[in-house]
Amino acid sequence: MTDYNIKIENVVASTKLAEEFDLTKIEAEFEGAEYNKQKFPGLVYRVSNPKAAFLVFTSGKVVCTGAKNVDDVHTVIADMAKKLNGIGIDTLEKPDITVQNIVASADLKAVLNLNAIAIGLGLENIEYEPEQFPGLVYRIDEPKVVVLIFSSGKLVVTGGKSPENCEEGVEVVRQQLDNMGLL
């Protein structure tokens with residue numbers, strides 16, 4: 001597979017760090033934490049090294065978003081647990097972390113004819129309405145990802161549960177376009 005500059009833009013993961021959280025206490029102790037339960041039921045907390053944001057819920061569940069790779073997700077969640085322990089909040093010893101979604105970008109380095117691609121891929125797997133959105137939306141079954149294809153040759157892959165899913169999604173698109181002589 002040639003290098004298509006596949007780059008992970010965002011990793012979203014979830015875990016349960018405790019049986020419950022007192023979000024008012026966390027907001028008071030964590031600088032920059034935001035909690036306004038009239039607006040949103042969770043506390044928002046951003047960290048910078050590595051960069052990520054957390055949504056923390058009273059249920060003890062935590063959603064981590066904005067990380068650029070899966071290792072960073074594990075790092076920031078472990079750091080978050082330590083920080084919670086530091087203010088007297090017990091956390092689960094080995095939290096089960098689930099990657100929910102990975103968004104990646106890629107570049108096929110070619111100008112693409114989206115009308116021809118829409119016809120070639122078959123209308124059952126695609127959505128293409130250029131008046132509403134400039135990209136072609138292609139739903140792939142294996143791996144189960146959605147690829148946005150732009151006439152510039154740029155791709156956005158979403159829905160992957162692993163970096164490999166995203167790479168496979170790019171490869172599926174590349175092979176199909178190549179087979180149709182559109183690359």
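Notes on the structure follow. (Residues numbered from 1 in each chain as written. Predicted model: local features only at pLDDT ≥ 70, side-chain atom pairs only at ≥ 80, totals over all residues. Heavy atoms only, no water.)

### Digging into the overall build of the protein
Point 1. On a plain count of helices and strands, the protein comes out with four helices and 10 strands.
Point 2. Each helix and strand of the protein, placed in order from N terminus to C terminus, yields the pattern β-α-β-β-β-β-α-β-α-β-β-β-β-α.
Point 3. Relative to its length of 183 residues, the protein is extended, with a C-alpha radius of gyration of 20 Å against a globular reference of 16 Å.
Point 4. With the C-alpha coordinates aligned to their principal axes, the bounding extent of the protein is approximately 60 × 35 × 25 Å.
Point 5. Of the contacts formed within the protein by residues at least 6 apart in sequence, a portion of 61% connects residues at least 24 apart.
Point 6. Counting every atom, the protein has about 10,200 Å² of accessible surface; 49% of that belongs to carbon and sulfur. (Helix = DSSP H or I, 4+ residues; strand = E, 2+ residues; numbered from the N terminus. Rg over C-alpha atoms; globule rule 2.2 N^0.38 Å. Contact = heavy atoms within 4.5 Å. Areas by Shrake-Rupley, 256 points an atom, 1.4 Å probe, with all protein chains shown as cover.)

### Description of the packing of aromatic side chains
Aromatic rings in a pair are described by how distant their centres are and how their planes are angled relative to each other.
Point 1. Tallied over the full model, the rule gives three aromatic pairs.
Point 2. The interplanar angle of 50° and the centroid separation of 4.9 Å between the aromatic rings of F30 and Y45 together place this pair among those described as tilted. Of this pair, F30 sits in the loop between helix 1 (23–29) and strand 2 (34–35) while Y45 sits in strand 3 (residues 43–48), and the two are 15 residues apart along the sequence.
Point 3. What makes F30 buried here is its relative accessible area of 1%.
Point 4. Look at F133 and F150: their rings are 5.8 Å apart centre to centre, the planes differ by 65°, and that puts the pair in the edge-to-face class. Here F150 lies in the loop between strand 9 (145–149) and strand 10 (154–160) and F133 lies in the loop between strand 7 (126–127) and strand 8 (136–140), a separation of 17 residues in the sequence.
Point 5. Classification of F133 as partly exposed rests on a relative accessible area of 34%.
Point 6. Cation over ring: K83 sits above F30, and NZ or CZ is 4.8 Å from the ring centre. (Phe/Tyr/Trp six-rings, centres within 6.5 Å; stacked < 30°, edge-to-face > 60°. Buried < 20%, exposed > 50% of the residue type's maximum accessible area, 1.4 Å probe, protein only. Lys NZ or Arg CZ within 6 Å of the ring centre and 35° of its normal.)

### Describing the pattern of salt bridges
Side chains that differ in charge, positive against negative, can pair when their charged atoms come close.
Point 1. One pass over the full model with this rule turns up six salt bridges.
Point 2. Where E34 meets R46, a salt bridge forms, and the shortest distance between an N and an O atom there is 3.2 Å. Of this pair, E34 sits in strand 2 while R46 sits in strand 3; the two residues are 12 residues apart in sequence, bridging distant segments of the chain.
Point 3. Using a relative accessible area of 43% as the deciding quantity, one classes E34 as partly exposed.
Point 4. The exposure class of R46 is exposed, given its relative accessible area of 52%.
Point 5. For the salt bridge of D107 with K154, the shortest nitrogen-to-oxygen distance reads 3.2 Å. Here the residue D107 occupies a position in strand 6 (residues 98–107), and K154 occupies one in strand 10, the gap between them amounting to 47 residues. (Salt bridge = Lys/Arg side-chain N within 4 Å of Asp/Glu carboxyl O.)

### What about the sheet that holds strand 2?
Point 1. What the 10 strands build is an open sheet, ordered 2-3-4-5-1-6-10-9-8-7; its pairing is antiparallel. A single partner strand is all that each edge strand has here, and the edge strands are strand 2 and strand 7.
Point 2. Inspection of the sheet shows strand 9 paired to strand 10 by four bridges, in the antiparallel sense. Within strand 10, the residue paired with V146 across the bridge is T158. (Pairing = 2+ DSSP bridges.)

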